[in-house]
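Next come the chains, spelled out residue by residue.
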Amino acid sequence: MCEDVVVLGKDDVQDLIDLEAQCFEYHWTREQFLLGLSRKAFKVLGIRHEDVLAGYIAFSLIEDEMEILNLAVRPEFRRHGLAARLLADSFEVCGENNIKKSFLDVKVSNEAALSLYRKFGYKKIGVRKKYYPDTKEDALLFRYDFPNKD
Ligand SMILES: CC(C)(COP(=O)(O)OP(=O)(O)OC[C@H]1O[C@@H](n2cnc3c(N)ncnc32)[C@H](O)[C@@H]1OP(=O)(O)O)[C@@H](O)C(=O)NCCC(=O)NCCS
């Protein structure tokens, strides 16, 4: 249904903003995307269907750690394996960059994301109470250790 996973950049920021508006109440602004991309603070991978950006993942790589900053799929494209493809491709980038561990936080009520991350081997390592400003929900912290290549 969708095309290959590709690296997104400054030219894709409007599409990213449109996608985020469909998926999150609080979302990154144009400036946040542009600043992060220009400073190479994070990488963004996306999947398109024709002219529509169907899903994306944003993550940072610092030293040997990867942090998932955002992952979203447009409602009409969900349950087709796109998030799993995006996550798998981000793991490939991690493999190329000698990344050893990955972290993320997720709302305690986000069953879809929790199931996805658990499927990829993430384990819960902590809780941040009332972490999210919009719902005051707790954040669950998750960690994944990449298998040792040696
Ligand atoms: C979470 C999200 C990214 C999943 O995207 P998706 O493309 O539908 O996910 P996939 O089709 O790749 O599903 C992969 C796995 O995730 C889990 N999953 C996805 N949607 C699910 C749902 N609605 N309920 C339960 N598990 C779900 C399942 O384990 C699924 O594997 P399966 O299909 O073998 O059961 C999507 O629901 C979304 O964009 N939600 C809003 C934004 C968000 O919450 N992002 C996460 C921030 S941490």
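So, here is what we can say about the structure in this document. (Residues numbered from 1 in each chain as written. Predicted model: local features only at pLDDT ≥ 70, side-chain atom pairs only at ≥ 80, totals over all residues. Heavy atoms only, no water.)

We now examine the site of the ligand. Near the ligand lie 19 residues; those nearest to it are Leu 71, Arg 79, Gly 81, Asn 110 and Ser 115. At a separation of 2.7 Å, a nitrogen atom of the ligand approaches a polar backbone atom of Leu 71. Between Lys 119 and the ligand, the recorded distance is 2.9 Å, taken from a side-chain N or O atom to an oxygen atom. Considering the ligand on its own, with 920 Å² of exposed area, one finds that the protein chains cover 76% of that surface. Elements represented by at least two residues in the shell around the ligand include exactly strand 4 (65-73), helix 3 (82-96) and helix 4 (111-119). Looking at the shell around the ligand residue by residue, the classes come out as 12 nonpolar, 4 polar and 3 charged. (Near = heavy atom within 4 Å. Polar contact = N/O pair within 3.5 Å; in protein donor to acceptor, adjacent residues only side chain to side chain. Areas by Shrake-Rupley, 256 points an atom, 1.4 Å probe, with all protein chains shown as cover. Helix = DSSP H or I, 4+ residues; strand = E, 2+ residues; numbered from the N terminus. Nonpolar A, V, L, I, M, F, W, Y, C, P; charged D, E, K, R; others polar.)

Attention now moves to helix 1 (residues 13-23). Restricting attention to buried positions, one finds in helix 1 the residues Val 13, Leu 16, Ile 17, Leu 19, Glu 20 and Cys 23. Taken around the axis of helix 1, the buried residues stretch over an arc of 165°, which confines them to a single face. Structurally, helix 1 contributes buried residues whose contacts are with helix 2 (30-38), strand 2 (43-49), strand 3 (52-62) and strand 4. (Buried < 20%, exposed > 50% of the residue type's maximum accessible area, 1.4 Å probe, protein only. Arc of directions from axis to C-beta. Contact = heavy atoms within 4.5 Å.)

By themselves, these are just geometric observations and shouldn't be taken as functional.
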